[in-house]
Amino acid sequence: MKRKVKWIFLAAIAVISIGAYAAVLLKPVEASAEQAVKGNLESQFTVSASILPVSGMVLNSVTAGNVSEIPYLPGMEVKEGEILLKTDTTSQTTLDIQREQFKQQLSAARQEYDRLYGSNGSAAAALKAAESEYRLAKKNYDNGLVLAQQGGYISQSDLDSLKTQLDLTYQKYTQAKEDNSEEQKAHSQEQIASFERQLALLDDTVNPGAVKMPYDGVLWEVYTEEGAYLSPNQPVVKIYRPDSMKLSASVLSEDAAALTPGLKAKVIYADGSEGEAEVSFIAKTAEKQMSSIGLEENRCTVELKPAALPEHAGAGQTADVSFHVVTAPEVFSVPAAAVIPAEDGSAVYLIQNGKAVLKPVETGRREGGRVEIISGLEDGDIVASDPYNDNVEKNGRVKAVLKE
């Protein structure tokens, strides 16, 4: 009797163990997942930019001689007519040469103004032509986008070419608008007036060796020092107007390729204040530069027009510029970890009726840790976000934990 009870006890333990093991085997793994919906494939990056004048001016020495006084320091605001630099000699001959040079510069500035804004000026006609080219390029791209979305009647490379042409014509159109703007016209008028004022200063000066401020502005750089000898027409100081500034940044060429003129960016200045700036120029050429860790990089110059600057911002100061770029609008995308190698390319795990189903997909661009899915997904599909990490297996039982 005791032996029979013992066997019954052992059999019960075996049944319980087998049941527990089966429960573990049949228990679904929990896997992070997300629902497939179309949205923008986006990227974000931040670069350091320098605050620079839109146009500075270098002033040259009027006569030969030794520097006797430099009353102002770089960064100081200086009123029109104030003396920036004095020399201890006077040469009427040198003064005449300087006066003739200013006359030639004034004549060239007037001719350029007449070419752009005179009775037969080209600025308005160039704007009209640039606008026409841009509208045609936009129409071609919009048509191409429709064909692509209707079933791939146009290849992605052809669509990218149309987008590149659109960006180029928009940049040309933006430049033409700037050339034809009242702001640029006023700048040209101010340049002419500046040459006229400098000529008047040369005519009226009692100290031909003095270099005077032609307008209210800021002393940017000084290229000499007290006691140094100056040759005639030698560059001595650089000045600028603080009311016309820009941001200039060196951007990785692959990041610059995603930018377009008119794109808005967030700016954080050295004093912690925040602002906004608009991309106004993207260089079509790149330069090889060394990174801070010694790697060679291709970088392009990108310029932005700030909406406003902090009160104490000036030339040479830096700011952090953050770009938010839409790489591909309204596409399916999944986390990079969701895409796994498959026999014919790539695949993802769909979670259907509590099981993991391996689904082949065609991938596209990658941005911000996500991968574009060109084909293979349908709206509402549940995709395992990180199948390797969550131990998801083909046809295995899975419980989806959807991302909130």
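In what follows, the structure referred to is the one given above.
Figured I'd write up the structure that's included with this text.

The rules behind each value
- Residues numbered from 1 in each chain as written.
- Predicted model: local features only at pLDDT ≥ 70, side-chain atom pairs only at ≥ 80, totals over all residues.
- Heavy atoms only, no water.
- Helix = DSSP H or I, 4+ residues; strand = E, 2+ residues; numbered from the N terminus.
- Buried < 20%, exposed > 50% of the residue type's maximum accessible area, 1.4 Å probe, protein only.
- Contact = heavy atoms within 4.5 Å.
- Core = buried A, V, L, I, M, F, W, Y, C linked by side-chain atoms within 4.5 Å.
- Pairing = 2+ DSSP bridges.
- Salt bridge = Lys/Arg side-chain N within 4 Å of Asp/Glu carboxyl O.
- Axes fitted to C-alpha atoms, helices over the stretch in contact; angles between N-to-C directions.
- Parallel < 35°, antiparallel > 145°, perpendicular 65-115°, else oblique.
- Left-handed = near helix turned anticlockwise from the far one by under 90°.
- Nonpolar A, V, L, I, M, F, W, Y, C, P; charged D, E, K, R; others polar.

Tracing the chain through its elements places serine 333 in strand S16 (residues 318-335). Look at serine 333 and you get buried, because its relative accessible area is 12%. Those residues in contact with serine 333 that lie beyond four places of it in its chain are Glu34, Leu41, Arg370, Val371, Glu372 and Ile373.

Let us now look at the nonpolar core. With 28 residues, the main nonpolar core has Leu247, Leu259, Val302, Leu304, Val321 and Phe323 as its most contacted residues. Listed by contribution, the elements that provide at least two residues to this core are strand S2 (39-53), strand S8 (217-222), strand S11 (245-252), strand S12 (264-269), strand S13 (274-282), strand S15 (296-306) and S16. Leaving out residues up to four positions away in the same chain, phenylalanine 323 has contacts with Ser43, Gln44, Phe45, Val47, Leu259, Leu263, Ala265, Val279 and Leu304.

This part takes up unusual backbone geometry. Residue asparagine 391 is not a glycine yet carries a positive backbone phi of 60°. Of note, asparagine 391 is situated in the loop between strand S21 (382-384) and strand S22 (398-402). Taking the relative accessible area as the measure of exposure, asparagine 391 reaches 57% and is therefore exposed. Unlike most non-glycine residues, asparagine 395 shows phi in positive territory, near 65°. Relative to the assigned elements, asparagine 395 resides in the loop between S21 and S22. When its relative accessible area of 51% is taken as the criterion, asparagine 395 is described as exposed.

On to the sheet that holds strand S5 (residues 77-78), then. Backbone-to-backbone hydrogen bonds pair the strands of a sheet. The strands run either parallel or antiparallel. Spatial ordering of the open sheet is given by S3-S10-S8-S5, a layout of four strands whose pairing is antiparallel. Of all strands in the sheet, those bounded by a partner on one side alone are strand S3 (56-60) and S5. With five bridges connecting them, S3 and strand S10 (residues 235-240) associate as antiparallel partners. Paired with methionine 57 across the two strands is isoleucine 239, which belongs to S10.

What follows concerns the pattern of salt bridges. Going through the model one piece at a time under the given rule, you end up with 17 salt bridges. A salt bridge links glutamate 131 to arginine 135; the nearest nitrogen and oxygen atoms lie 2.7 Å apart. Of this pair, glutamate 131 and arginine 135 are both found in helix H3 (residues 123-149), four residues apart, which corresponds to roughly one turn of the helix. The class of glutamate 131 is partly exposed, set by a relative accessible area of 24%. Taking relative accessible area as the criterion, arginine 135 reaches 54% and is therefore assigned exposed. In this structure, the salt-bridge partner of lysine 305 is glutamate 183, at a minimum N-O distance of 3.4 Å. Highlighted residues: lysine 305 in strand S15 and glutamate 183 in helix H5 (residues 182-204), separated in sequence by 122 residues.

The strand order across the open sheet built from four strands is S7-S6-S4-S9, with neighbouring strands paired in antiparallel fashion. Edge strands, defined here as strands with exactly one partner in the open sheet, are strand S7 (211-212) and strand S9 (229-230). Sheet topology places strand S4 (residues 65-69) next to S9; two bridges connect them, and they run antiparallel. Bridge pairing links glycine 65 to leucine 230 in S9.

Here we take up the packing of H3 against helix H4 (residues 156-179). Where H3 contacts H4, the two axes come as close as 8 Å, and the packing angle between them is 155°. The angle between H3 and H4 falls in the class roughly antiparallel. The hand of the H3/H4 crossing is left-handed. Taken together, the residues of the contact of H3 with H4 break down into 15 nonpolar, four polar and seven charged.

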